[in-house]
Structures are given as C-alpha cells and as structure tokens.
Amino acid sequence: MEVNLEVNLAGLKLKNPIILASGIMGSSGSLLKKVANAGVGAVVTKTLTAEPRKGYDPPIIYSTRCYTLNAVGLANPGIKNFKNDIQEAKECGIPVIISLAGSSPEEFAWMSGLAQDYGADAVELNLSCPHVKGLGTELGDDPIMVEEVVRSVKKNVKIPVFSKLTPNTSDILIQGRASIKGGADGLVAVNTLRGMIIDVELKAPVLSNIYGGISGKALHPIAVYSVYKLSSNFNVPIIGVGGVESWKDVIEFILAGAVAVQIGTILISKEPEIIVPRLIKGVIKYMKRHGFTDIKNMSGLIIKKSS
C-alpha cells in the first residue's frame, strides 16, 4: 500500500511533515543544506535579529537524558549578513522558513520584508524566547502586542507568516487568538519552557544567564497538549514542536491536530541523516499498519473522535 506524506502548510508544499526547528543546525546555509539533504520537508533558520548578537557567555547549555536547558541569547550574525545562507539553503528545493525576533512591530515588519526579498518562503515570528529581554519574550506576554506585530508583518509581506507561541503562560489560546486576529497563517507550538538548574556543590546556577529554556523529551507532553488545545479552537495550520525523538512523537502531534512537526533537540545527539529517515520510515509503517493512505487524514483525529 502506497502512502502520501505530502502536506500543504498555508500554501507551502512539503514532501513530508518533518521540519527542522529553529535553533538547531540553522546557523548557516551549509548546515541547513545538510538537514535538507537528510530528507526533511522544510527547514527553519536560527532566529535572526536586526543586528548581530554575540549571545551569552558560556556555559549556555546543560543536557540530561530527559531535557536540555539552554540560554544561548539568540547569538546570530544578523539578518543583513544571512542573505547568502538563505539562498544557499534554497538550492535544496524545499521551503526555507526564516525565524525572526524583533524589539517592535516595525522592526519585525522590516526584517520580514528583508527575509522575503532574500528568498524566504515564509517567516516564523519568535514571539516567545524565554531568556532574552526585549526581543520576543516581552512582546509574547502581551496579546495586544502580539496582534500588532503579526498585523504589521502581514501588511509588509506576501509570504506565509507563522507565530511561535510560548508555554510560559496560563492560557496559550490568548496568544493564538491574538496571532490569528493579526492575520497569522499558522501557529507554532511550542517554544521552550522557562527553567533553571543549580549546581548544589558550587551553590550557583549552572547557566551563566541563571535561567534558560527547557527543550527535549520533558517538553513533549506540554507541546502535544498545546497543539490539541489550539487545534480544537482554531482553524489554522498548527506546527507541533517539542521533544520529538521517535516516530511515535510525530504521530502524537499529528493526531492532536498538527499539520507538520518540527525537530530540534534530538539533532544535538543524532545526525540528521540518521534520525530523519528513521522518523519518516516509522510514520510510513504506522500509516500502513493502521490503514492510512494520506497523512492529512490523520491530522486532528483525536479531536474528531472526541467531538
């Protein structure tokens, strides 16, 4: 039995629903090509800002079997220095999504326009970075500002606009609703969860920034619930992200209502040419075992069953 993995993500044609998440292996055109060549349906760049950022001093990452805590500080070369990398990544023939963080609606709009000029197929608005003051996190806490940012970007570009939401909130629907009111073409759920680790022997925080964002397996149930909640309430494409390590994690997101699924932290320990084919193969086997010929028919199945 043949199965169809192709999905339509707000007009973007993806050969399969697996997408490289922002933050991992998205800091250069060559790394984006490496992941693209492993077989993903699309790639998202590392979050870019208006000007270059050095980021925080080490230590910036702490990993365990269950999660990764990081506070990189959005280190990046700045969007004006990323044009060649975007164009190099586009040589692979799959959608290239540019992740952006700005300090105001006007800055987000300007960067989005530049990304479009450079060849971006879509932009992902990082409205929820949990450890960088003045860029995204403060905007994401204010639904009025979220709506204004998205609306400003939508007025300035013709490519799809995705809003990346935070789990550091009492109700993710508030952010989702504000994004949709602003005109977002889709929602990405979720960004990292704010956390902190203390070295009890040194009696000091492990990270130089004191706290950071939790990603990896510990985030997965929170992300799946967020996707389910958003999909149950809004009729826009949802991209699930958080703790994907196996094909089962991908299927969970899709059954909860996701159209596509991003992978990130797993690529710290596994090469993309190993993990991506493994995920795709697992999804195909699941579909055949359960009689699904088109992955689109699986999206939101849990919601349909409970309604």
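Up top is the structure.
Residues numbered from 1 in each chain as written. Predicted model: local features only at pLDDT ≥ 70, side-chain atom pairs only at ≥ 80, totals over all residues. Heavy atoms only, no water.

A.B. asks: What am I meant to see in the sheet that holds strand E7 (residues 96–100) here?
C.D. replies: Reading around the circumference, E3-E4-E7-E8-E9-E10-E15-E16 is the order of the 8 strands in this closed barrel, with parallel pairing throughout. Recorded for the sheet is a direction-independent mean angle of 25 degrees between the axes of neighbouring strands. Two strands pair when backbone bridges link them, and strand E9 (residues 161–165) and strand E10 (residues 186–189) are joined in this way by 4 bridges, in the parallel orientation. In the strand pairing of E10, Lys164 is matched with Val188. Here helix H6 (residues 172–182) sits on the sheet in contact with E9 and E10, set at roughly 165 degrees to E9. Taken strand by strand, helix H8 (residues 247–255) contacts strand E3 (18–20), E10, strand E15 (238–241) and strand E16 (260–263), and its axis lies near 140 degrees from that of E16. (Pairing = 2+ DSSP bridges. Helix = DSSP H or I, 4+ residues; strand = E, 2+ residues; numbered from the N terminus. Axes fitted to C-alpha atoms, helices over the stretch in contact; angles between N-to-C directions. Contact = heavy atoms within 4.5 Å.)

A.B. asks: Before we go on, may I ask you to explain the side chain of Ser299 in this structure?
C.D. replies: Checked against the element boundaries, Ser299 lands in the loop between helix H9 (272–290) and helix H10 (301–306). A polar contact is formed between the side chain of Ser299 and the backbone oxygen of Ala258, at a distance of 3.0 Å. When neighbours within four sequence positions are excluded, Ser299 is seen to be in contact with Ile254, Gly257, Ala258, Val259 and Lys304. (Polar contact = N/O pair within 3.5 Å; in protein donor to acceptor, adjacent residues only side chain to side chain.)

A.B. asks: Would you mind going over the layout of surface pockets with me for this structure?
C.D. replies: To locate leftover empty space, one rolls a probe as large as a water molecule over the atoms. Roughly 760 Å³ of internal volume is contained in the largest pocket. If you trace the largest pocket, you find 44 residues lining it, with Ile24, Asn70, Thr192, Ser215 and Thr265 closest to the centre. Elements with a contribution of two residues or more to the lining of the largest pocket: strand E5 (61–63), strand E6 (68–70), strand E8 (122–126) and E16. Considering only residue class, the lining of the largest pocket consists of 16 nonpolar, 21 polar and 7 charged. (1 Å grid on protein atoms, 1.4 Å probe; cavity = no way out; pocket = protein on both sides within 12 Å on 5 of 7 lines; lining within 4 Å. Points joined across faces, edges and corners; volume = space filled by probe spheres on them. Nonpolar A, V, L, I, M, F, W, Y, C, P; charged D, E, K, R; others polar.)

A.B. asks: What exactly am I supposed to notice about the pairing of E10 here?
C.D. replies: Regular strands have side chains that alternate between both faces of the sheet. Where burial is concerned, the two faces of E10 agree: the one with Gly186 and Val188 and the one with Leu187 and Ala189 are both buried. Handedness of the β-α-β unit built from E9, H6 and E10 comes out right-handed. (Buried < 20%, exposed > 50% of the residue type's maximum accessible area, 1.4 Å probe, protein only. Right-handed = clockwise from strand over helix to strand, strands pointing away.)

A.B. asks: Please clarify how the pattern of salt bridges should be interpreted in this entry.
C.D. replies: Note on pairing: side chains with opposite charge can pair once their charged atoms come close. Tallied over the full model, the rule gives 13 salt bridges. Notably, a salt bridge pairs Glu51 with Lys80, separated by 3.5 Å at the nearest N-O pair. Linking Glu51 in the loop between strand E4 (42–44) and E5 with Lys80 in the loop between E6 and helix H2 (83–89), this pair joins segments that are 29 residues apart in sequence. For Glu51, a relative accessible area of 46% puts it in the partly exposed group. Close ionic contact of Asp249 with Lys217 constitutes a salt bridge, the shortest N to O distance being 2.7 Å. Here Lys217 lies in the loop between strand E14 (212–215) and helix H7 (220–233) and Asp249 lies in helix H8, a separation of 32 residues in the sequence. (Salt bridge = Lys/Arg side-chain N within 4 Å of Asp/Glu carboxyl O.)

A.B. asks: Which parts of the structure should I look at to understand the packing of helix H5 (residues 143–156) against H6?
C.D. replies: In a pair of packed helices, the angle between the axes and the distance between the axes together describe the arrangement. At a minimum axis distance of 7 Å, the contact between H5 and H6 shows a crossing angle of 30 degrees. Judged by the angle between their axes, H5 and H6 are roughly parallel. By crossing handedness, the relation of H5 to H6 is classed as right-handed. Contacts from Pro143, Val146, Glu147, Val150, Arg151 and Lys154 of H5 reach H6 at Ile174, Gln175, Ala178, Ser179, Lys181 and Gly182. Partitioned by chemical class, the residues of the contact of H5 with H6 number 5 nonpolar, 3 polar and 4 charged. (Parallel < 35°, antiparallel > 145°, perpendicular 65-115°, else oblique. Left-handed = near helix turned anticlockwise from the far one by under 90°.)

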